[in-house]
Amino acid sequence: GVCHGASQAKVVDAKRRYSKLSSDRSCDVPKSDKTITTGILDPLKIPKRTRLFCYAENSGKMLVDEKTCPPSLIERADNTIKELNLNAPRLMRMRKAVIDKLDERLVEEQALGRNLDEILNEMAQMFLIPYENKSLPFFSVMRWYLGKYAEKLIAESQIL
């Protein structure tokens, strides 16, 4: 299975997920017929227990997390972002919306007088544990946002 990268007009939520602009296309669309598999990450071989990416909170831009990404994978992780156009405006906009929702939830819970550690632990369990064997969309964004709380949950569970 591959992502059609905004090239399919008949999708759920087409207003957000479809784009006529080539600059907004991602994944399999910019890859096209190019043989780039040796220069990008193989999704079947990505170390799942290691977080490779981080995000710009103000834009949703995807970056290689040079603090957590193994040095041997940094170049390929960066190539993956570039070659698959993973910073297409559409994807950045959707990531930013996820970050904003997580921010809102955190602020709401803190306004109720709840402890930050408790809130973030609860959010990690709520958003990262798969439901019916399916993870929520933008799992890696939520994993990054929840930081050490996500990593602790992942290390202690069978999530990945």
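Nothing here was measured: the structure is a model prediction, and the numbers come from that model.

A. Region of interest: the overall build of the protein chain. Per the secondary structure count, the protein chain includes six helices and two strands. Traced from its N-terminal end to its C-terminal end, the protein chain shows the element sequence α-α-β-β-α-α-α-α. Residues classed as buried in the protein chain amount to 36% of the 160 residues present. Restricting to contacts in the protein chain with at least 6 residues of sequence separation, those with at least 24 account for 58%. About 10100 Å² of surface is accessible on the protein chain, with carbon and sulfur atoms providing 54% of the total.

B. Molecular detail of the packing of helix 5 (residues 116–128) against helix 6 (residues 139–156). At a closest axis distance of 9 Å, the pairing of helix 5 and helix 6 adopts a crossing angle of 125 degrees. By the angle between their directions, the pair helix 5 and helix 6 is classed as oblique. Relative to helix 6, helix 5 is oriented so that their crossing is left-handed. When helix 5 is examined against helix 6, the residues Asp117, Leu120, Asn121, Met123, Ala124, Gln125, Phe127 and Leu128 are found in contact with a partner set consisting of Phe139, Met142, Arg143, Tyr145, Leu146, Tyr149, Ala150 and Leu153. When its residues are assigned to classes, the contact of helix 5 with helix 6 shows 12 nonpolar, two polar and two charged.

C. Layout of the packing of aromatic side chains. Enumeration over the complete set of coordinates arrives at two aromatic pairs. Judged by centre distance (5.8 Å) and plane angle (65 degrees), the ring pair of Tyr55 and Trp144 falls under edge-to-face. Of this pair, Tyr55 sits in strand 1 (residues 53–55) while Trp144 sits in helix 6; the two residues are 89 residues apart in sequence, bridging distant segments of the chain. On the basis of relative accessible area, Tyr55 is assigned to the buried category, the value being 5%. For Trp144, a relative accessible area of 17% puts it in the buried group. On the basis of an interplanar angle of 70 degrees and a centroid distance of 6.4 Å, the ring pair of Trp144 and Tyr145 is categorised as edge-to-face. Here Trp144 and Tyr145 have matching classes, each one buried. An aromatic cluster is defined as three or more aromatic residues linked by ring pairs; in this entry it consists of Tyr55, Trp144 and Tyr145.

D. Looking closely at unusual backbone geometry. Of note, the phi angle at Asn85 is positive, near 50 degrees, even though the residue is not glycine. Relative to the assigned elements, Asn85 resides in the loop between helix 3 (74–83) and helix 4 (89–111). Look at Glu132: it is not a glycine, yet its phi comes out positive at around 55 degrees. Inspection of the secondary structure assignment puts Glu132 in the loop between helix 5 and helix 6. Taking relative accessible area as the criterion, Glu132 reaches 62% and is therefore assigned exposed.

E. How the structure looks around the nonpolar core. Phe53, Tyr55, Leu102, Met123, Leu128, Tyr145 and Leu146 are the most contacted members of the largest nonpolar core, which has 38 residues in total. Elements represented by at least two residues in this core include exactly strand 1, strand 2 (62–64), helix 3, helix 4, helix 5 and helix 6. For this core, the element with the highest residue contribution is helix 6, accounting for 10 residues. Every residue in contact with Leu128, bar those within four places of it in the chain, is listed here: Met123, Phe139, Met142, Arg143, Leu146, Ala150, Leu153 and Ile159.

Cut-off values and rules
- Residues numbered from 1 in each chain as written.
- Predicted model: local features only at pLDDT ≥ 70, side-chain atom pairs only at ≥ 80, totals over all residues.
- Heavy atoms only, no water.
- Helix = DSSP H or I, 4+ residues; strand = E, 2+ residues; numbered from the N terminus.
- Buried < 20%, exposed > 50% of the residue type's maximum accessible area, 1.4 Å probe, protein only.
- Contact = heavy atoms within 4.5 Å.
- Areas by Shrake-Rupley, 256 points an atom, 1.4 Å probe, with all protein chains shown as cover.
- Axes fitted to C-alpha atoms, helices over the stretch in contact; angles between N-to-C directions.
- Parallel < 35°, antiparallel > 145°, perpendicular 65-115°, else oblique.
- Left-handed = near helix turned anticlockwise from the far one by under 90°.
- Nonpolar A, V, L, I, M, F, W, Y, C, P; charged D, E, K, R; others polar.
- Phe/Tyr/Trp six-rings, centres within 6.5 Å; stacked < 30°, edge-to-face > 60°.
- Core = buried A, V, L, I, M, F, W, Y, C linked by side-chain atoms within 4.5 Å.

Functional significance is not addressed by these values, which are geometric in nature.
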